[in-house]
Every structure is written in C-alpha cells, then in structure tokens.
Amino acid sequence: SQQGEEDPQALSIQEGENATMNCSYKTSINNLQWYRQNSGRGLVHLILIRSNEREKHSGRLRVTLDTSKKSSSLLITASRAADTASYFCATDGIQGAQKLVFGQGTRLTINP
Amino acid sequence: DSGVTQTPKHLITATGQRVTLRCSPRSGDLSVYWYQQSLDQGLQFLIQYYNGEERAKGNILERFSAQQFPDLHSELNLSSLELGDSALYFCASSVTPRDAEAFFGQGTRLTVV
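Structural notes, computed from the coordinates. For clarity, every value in this text was computed on a predicted model and none was experimentally measured.

On to the packing of aromatic side chains, then. For any pair of aromatic rings, geometry is given as the distance between the ring centres together with the angle between the planes. Residues and elements named next belong to chain A. The final tally for this structure, using the stated rule, is 10 aromatic pairs over all chains. An angle of 75° between the planes, with centres 6.4 Å apart, marks the rings of Phe-88 and Phe-102 as edge-to-face. Taken together, the positions of Phe-88 in strand β9 (residues 85–93) and Phe-102 in strand β10 (residues 100–102) put the pair 14 residues apart, joining distant regions of the chain. Take Phe-88: its relative accessible area is 4%, and that puts it in the buried class.

This is the structure:
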C-alpha cells in the first residue's frame, strides 16, 4: 500500500493563481520529498524537507510539514503553464525501511 | 538532466522473454533504487542497493532480479515477461540510502506484446 496520499487527485487552475497540494502519510518519517513528473517522463526532484523542519522554500515553491498530523503541503505560487504536471510526495521511513514510498500523485493543470 | 542514465529508453518484447534494464547512477551516488510505474499501480518500489549490497526489497516479483556492480551501475532483469509487466521502469540514485535526495532517470518504457 502507498505510504503517502496526495490530495486532491486532480487540480485545475488559471495561470497566475497559486496551487496547493497536500500529502498525508501513515508512519513516522525521516524526511519527505516532493517530485514533479511531466507526462510519461522522469521524476524531477523539487524539494526535501526533514522531519525536524516545518517549512522550506525554493523559488516559487513552499513546502510545509506537520509531523503531528503526518501531513505536508506543496504550494506553487504564481503558477505557469509549464507547471502542468503530476506532483508526488515520497517519504523515507524512520527506521529500517531504506526506500522512498510514493503516493498516487496530484495531476495539476494550469490553464492559460 | 538528473545525471542518472537509463538504457534503453524504449523496449518492446514478446511474452515469455527476458530483458535487462540498465542504470548508471549520478557520479558519487552509492545507492540505487528501482521503481515500476504503471497506470493502475502508480509508482511501486521494487528494490534498493547500496554500494553493491541489497538494502531494501519492495513489491518485486520472483521473476525479477537486480544487482549493483562494483562500478555502481545497476541492472534490473525481468524474465518470463507477461503483458502486465508493461510499464515504465525508473532508476533513482542518492548519495546514501537514507536522508538524501533521490534523483531519477528518464525511465525505460517496456512494452510486452
């Protein structure tokens, strides 16, 4: 079963608006990573946030992490058509499990 | 460009056949992961290696096997292929097995006919 679950499954907004995607996970984590995937292409690493961090920024991206709620959010500000892609969160288990477990992703469409 | 190289990019083969997918990790990365992405199953973790040793195993079928060589490249072997094995196979690498960004290759699209 998937560790992370993204919400919503699909999101469609106008160019220039902000997009927020959420990720929930089940077990304690060491870190959480967000990835972008254009249709049928490889995954592009966006940002990594550690379990002792609450917020992280990278350009137009803002990621928050709430370990008490086992959830994270990815905010993309001032969206562009090129941001159209699927976005995945992936978690790294805190003990033993040395692997990244992905959610099903959020399909983001930016309308011009 | 993530620095992770996967070959071939596309592969079409018949049921019952065996194929080998190859992955060269980023320079300096010791850990390699393999993932399968299909439409109905999403991204499924298959297996992970660190410096030549298997570190974690996921939903990898017995018909599949992998290894990481001394030069750190990795191969994923898929045998007795079935139609349901058609998917995108991704390799990722990271410096360490834990607490490090993992970077993905462009994937190998396998079509079993």
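There's plenty left to go through after this.
Once that is clear, we can look at the interface of chain B and chain A. Listed as interface residues are 25 residues of chain B and, on the opposing side, 26 residues of chain A. Both sides together, the interface formed by chain B and chain A hides about 1,900 Å², and carbon and sulfur atoms give 45% of it. Where chain B touches chain A, the interface holds zero salt bridges. One can count five residue pairs in polar contact (both at pLDDT 80 or more) joining chain B with chain A. Those elements that place two or more of their residues in the side of chain B that touches chain A are β4 (31–38), β5 (42–50), β6 (53–57), β9 (87–94) and β10 (103–104) of chain B. When residues in the side of chain B that touches chain A are grouped by element, the largest group, five residues, is from β5(B). Broken down by class, the residue content of the side of chain B that touches chain A amounts to 12 nonpolar, seven polar and six charged.

Conventions we followed
- Residues numbered from 1 in each chain as written.
- Chains lettered and ligands numbered in written order.
- Predicted model: local features only at pLDDT ≥ 70, side-chain atom pairs only at ≥ 80, totals over all residues.
- Heavy atoms only, no water.
- Phe/Tyr/Trp six-rings, centres within 6.5 Å; stacked < 30°, edge-to-face > 60°.
- Helix = DSSP H or I, 4+ residues; strand = E, 2+ residues; numbered from the N terminus.
- Buried < 20%, exposed > 50% of the residue type's maximum accessible area, 1.4 Å probe, protein only.
- Contact = heavy atoms within 4.5 Å.
- Buried area = accessible area lost by both parts, 1.4 Å probe.
- Salt bridge = Lys/Arg side-chain N within 4 Å of Asp/Glu carboxyl O.
- Polar contact = N/O pair within 3.5 Å; in protein donor to acceptor, adjacent residues only side chain to side chain.
- Nonpolar A, V, L, I, M, F, W, Y, C, P; charged D, E, K, R; others polar.

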